[in-house]
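Inside the fold
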Amino acid sequence: MASSLTSTKTTCYHCGEPCTGTVLQCEEKSFCCQGCLTVYEILAANQLCRYYTLDEKPGLTQQGTHINTYYDFLDDSSVQDKLIHFREGTQCHVKFIVPVMHCSSCIWLLENLCKINPGIQSSRVNFLEKEVSVIFDSAETSLKEVVILLKKIGYEPNLSFEDLQHRSDKKINRVQIYKIAIAGFCFGNIMMLSLPDYFAGGRFLNDQTLNLVFNYLSLALSLPVFFYCARESWVSSWQYLKQRKLNIDQPIALAIIIAFGVSIWQIVINNRMGYLDSMSGIVFFMLLGRFFQNRSYNYLSFRRSVSSYLPIAVNQWLDGKEHNRPLTDIQIGDEILIRQQEIVPTDAVLMGDEAWFDYSFVTGESNWVKKHPNELIYAGAILKSGMVHLTVAKHPSQSYITQLWNSQRNTKYKSNTLLTTEKINLYFSATVFLLGLFACGYWMMQGQVQTGFIALITVWIVACPCALLLSSTFTYGNMLTILTHNGLYIKNAAVLEKMRWVDALVFDKTGTLTRSGESEVDFVGRDMQPAEWQQIAALTRRSIHPLSKAITQWLSIPEHLPVEDYQSVDGQGISGVVQGQALRIGSAHWVGAEAFTGSRLTRVYIKIGNEIAGFFEIRNQYRKDIKSILKRLGSKFSLHLLSGDQDAEKKTLSEVFTRPEQMRFNQLPEDKTKYIQELQAQGKTVMMIGDGLNDATAFEQSDAGVAIIEQENNFLPACDVILLAPHIHQFNELMAYVGKAKTILISCFVLSLLYNIIGLSFAMQGLLTPVIAAILMPVSTVSIVGTSYLLSRYYARHYKLET
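A short tour of the structure in this document, coming up. (Residues numbered from 1 in each chain as written. Predicted model: local features only at pLDDT ≥ 70, side-chain atom pairs only at ≥ 80, totals over all residues. Heavy atoms only, no water.)

**Observations regarding the side chain of Gln662**
Applied cut-off: Counting from the N terminus, the helices are DSSP H or I runs at least four residues long and the strands are E runs at least two residues long. Under the rule applied, a polar contact is a pair of N or O atoms within 3.5 Å (in protein, one hydrogen donor and one hydrogen acceptor; residues adjacent in sequence only if both atoms are side-chain atoms). We call two residues in contact whenever any of their non-hydrogen atoms come within 4.5 Å of each other.
Structurally, Gln662 can be placed in the loop between helix H22 (650-653) and strand S26 (663-664). From its side chain, Gln662 meets the backbone oxygen of Leu639 in a polar contact 3.1 Å long. Not counting residues within four places of it along the chain, the set of residues in contact with Gln662 comprises Ser638, Leu639, His640, Leu641, Phe657 and Tyr675.

**Overview of the pattern of salt bridges**
Defined as follows: Each salt bridge in this description consists of a side-chain nitrogen of Lys or Arg and a carboxyl oxygen of Asp or Glu lying within 4 Å of one another. Buried, partly exposed and exposed residues are distinguished by accessible area as a fraction of the type maximum, computed with a 1.4 Å probe on protein chains only: under 20%, between the cut-offs, and over 50%, respectively.
Following the criterion strictly, the structure yields 18 salt bridges and no others. Close ionic contact of Arg526 with Glu532 constitutes a salt bridge, the shortest N to O distance being 2.8 Å. The exposure class of Arg526 is partly exposed, given its relative accessible area of 27%. A relative accessible area of 14% means that Glu532 is categorised as buried. Taken together, the shared-partner salt bridges connect Glu88, Lys371 and Glu375 into one network.

**Re the sheet that holds strand S24 (residues 611-619)**
To keep it simple, the criterion reads: Pairing between two strands requires that DSSP report at least two bridges joining them. Where helices are involved, their axes are fitted lines through C-alpha atoms of the stretch in contact, as for all axes, and angles between N-to-C directions lie from 0 to 180°.
Pairing in this open sheet of six strands is antiparallel, and the strands run S19-S24-S23-S22-S21-S20 from one edge to the other. Among the strands making up the open sheet, the edge pair consists of strand S19 (520-525) and strand S20 (564-569). Each strand of the sheet is rotated relative to its neighbour by a mean of 15°, with strand direction disregarded. Packing against the sheet, helix H18 (residues 530-540) makes contact with S19, S20, strand S21 (573-578), strand S22 (581-586), strand S23 (602-608) and S24, and its axis sits at approximately 60° to S22.

**Thoughts on helix H10 (residues 249-270)**
Applied cut-off: Take the number of residues in a helix, subtract one, and multiply by 1.5 Å to get its expected span.
The first and last C-alpha atoms of H10 sit 31 Å apart over 22 residues, in line with the 32 Å expected at 1.5 Å per residue. Phi for Asn271, located one or two positions after H10, is positive at around 55°.

**What to know about the pairing of strand S13 (residues 368-371)**
A one-sided burial pattern is seen for S13, the buried positions being Val369 and Lys371 and the unburied ones Trp368 and Lys370. Here strand S12 (residues 355-358) pairs with S13 via four bridges, running antiparallel. When the bridges of S13 are listed, Trp356 appears paired with Lys370.

**Overview of the sheet that holds S26**
The strand order S17-S29-S28-S27-S18-S25-S26 describes an open sheet built from seven strands, whose pairing is mixed. Each edge of the open sheet carries a strand with a single partner, namely strand S17 (488-490) and S26. Two strands pair when backbone bridges link them, and strand S27 (residues 686-690) and strand S28 (residues 704-709) are joined in this way by four bridges, in the parallel orientation. Note that in S28 the partner of Ile689 across the bridge is Val706.

**Quick look at the side chain of Ser548**
Positionally, Ser548 belongs in helix H19 (residues 546-555). By relative accessible area, Ser548 is classed as buried at 10%. Ignoring anything within four residues of it in the chain, the contact list for Ser548 reads Thr540, Ser543 and Ile574.

**Describing the environment of Val213**
Structurally, Val213 can be placed in helix H8 (residues 208-229). Sequence separation between Val213 and Leu193 is 20 residues, and the spatial gap between their C-alpha atoms is 9.5 Å.

**Regarding unusual backbone geometry**
Not every positive phi belongs to a glycine, and Gln579 is a case in point at roughly 55°. Along the chain, the position of Gln579 falls in the loop between S21 and S22. In this structure, Asn666 takes a positive phi of about 55° despite not being glycine. Mapped onto the secondary structure, Asn666 falls in the loop between S26 and helix H23 (669-681).

**Thoughts on the environment of Ile618**
Of note, Ile618 is situated in strand S24. Between the C-alpha atom of Ile618 and that of Thr602, which follows or precedes it by 16 residues, the distance is 5.1 Å. With residues near it in sequence (within four places) discarded, Ile618 still touches Ser519, Glu520, Val521, Leu547, Ile551, Leu601, Thr602 and Val604.

**Looking at the packing of H18 against H19**
Helices that pack against each other are described as a pair by the angle of their axes relative to one another and the distance between those axes. Heads up, the condition is: Roughly parallel here means an angle under 35 degrees, roughly antiparallel means over 145, roughly perpendicular means 65 to 115, and every remaining angle is called oblique. For a crossing to be left-handed, the near helix must be turned anticlockwise from the far one by less than a right angle; the clockwise case is right-handed. Basically, the charged four are Asp, Glu, Lys and Arg, the nonpolar ten are Ala, Val, Leu, Ile, Met, Phe, Trp, Tyr, Cys and Pro, and anything else, Gly included, counts as polar.
It is the contact of H18 with H19, at a shortest axis distance of 9 Å, that shows an interaxial angle of 140°. Between H18 and H19, the interaxial angle falls into the category oblique. Crossing of H18 against H19: the hand is left-handed. Across the interface between the two elements, Trp533, Ile536, Ala537 and Thr540 of H18 pack against Ser548, Ile551, Thr552, Trp554 and Leu555 of H19. Broken down by class, the residue content of the contact of H18 with H19 amounts to six nonpolar, three polar and no charged.

Spelled out as structure tokens, the structure:
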């Protein structure tokens, strides 16, 4: 790719900055420096020039930047251990803070790093937090090379370990406080100094010198307001202007400039104060409104992040016994017990025999890894074989596990909020510009120049799309927090939005409609030897299925015998070798027995060696008032039951599921998925509700997957929503509350629309003063936040939910 030098003054094709001095040319495009040209060449070589079509001149200037040996410290293994939070084989996960990320082009480019460096497997952007998560193959590239690549394309990451580890501690922006204080002080004093101008027409005590002193003193006070306090508006407006785009800061910035310019003209030519009080008032109330908006958002985010920590518990192995403990009580060095399908809650060292783990919860892809004794197991790994003992190597973090659950990739929920926001900003800003110019032109044609200036300034100030843009943010944020307080954990606002459209509920039976650990168990079969009971208990203890737990609890055998060749098949049963004896426990088909359909009890068959030794009869204990709960839900939703168990309790459940085709038994996981597909083909929006054990594919197929888990369970299923079992009696009210999201959103939207219509109508008539317009600007944001807050709590109390 050939490049040349010219001395023509133009703007840079990459960053839009003026090209001063020597200009670099490449493919008839001009660049201000070698850095910008290098970035363009990298993008062009990897067919990524679409970057320049998403936003006009979206790049960041590369003048004064260079790559040197500074990044050599990233080759140090101790530094890598601090930055890389997951490493399995050659796959490494790292998260960077990229403060300069500013538009949709940035997101697009940062999520296509794999096309520039093949060693990067994927990259994902969290725009609100200015974060990019990168997964790379250390055999093909290195941490240093990834950072250098980000630097070369203009997105140098912040490598402060303190920032990376403690970003949740959101502190008040002191600079913002200083600006508000300065603007408020200057505004108050300018208002006081302008009183003679208002009431004496610039002839205070008929003392010309005193009037001049007041005017120029006000001008001096307005300078820090104009050049320092309003700087945020200048920077934002200039950044968008460089991209030839409009945003809401530009009308406000232009109004401030006009008010300041007209005021200087009035002071110098007419010896009048002008609009300095209005200009400083605009800045002061704008800063005050943004401070309130940011504080409200941070408070909401903090409450959401803290309350959304899932109540995960673990099984601690202490003094030869198993004890259930909250994750927060576990310390480094403690020994914990993990069963098949359970998640490893923190980095820990494997003890005893080798085992298989799946890192799909961390990587997003099924990745089974065989681990040997004394190897480190990363948090988020799912055990896929039997039961293991681990020694905790790192202090557990509920927030990290919750983050893993929240960040699981799911193509069902795709949001384009950023692009929608940018479009609203663009169209709204253009409309406000035109309305202001129209009002100004109209009044000037009527010979009322001052009214025209006032109309121009007030229209550009009073109109505010912030309330429109914030309605959904604050509404969903408040609702998610309240739902969390009532035991319903929802991944994100996109899931909440989808839940509003659900019209069909599909239930699993065991562990969902029935209570775990409270079943009545009997054994029917030949006489069993004590050693055989111990062998059966050793096998069932390794399973987290409710039926296995019921048998383990009924046997009450404390000894833990080792199990070899353990196997678990969803919907069928478990098998293994204990003390040299082969056992199979599960359905009649699993053990090769003849199925019996006349019983109303669930049967779990036992096969020892080649002999069918008998079966356990399990009478499920249904959750309290479950039938009345289902009947209330049935008045609003279409109810369906899919169970992997036998149809022993079909007659009991027919009171709720009145149509036979709504109940299906002996369903394998693939059968459940197919049934949900059939409902969706009929136009239904389906919510799958189960315990998550055999429901992963059904959850994925459904429009919303809800897992009901016991308080003490540390199994974290691949679902969209988690409902704690003690709150299942509130499920009808929780779903009704979710349905009110639309009502709250419409209320906030209408209020915002009315504010803008009424405000603009008065402003265009010249009936608003700039100061009043400046006061109304933050009032709109306060009203939207307040309305969202009050309505979300009103409906919560209406449905008797905890707030």
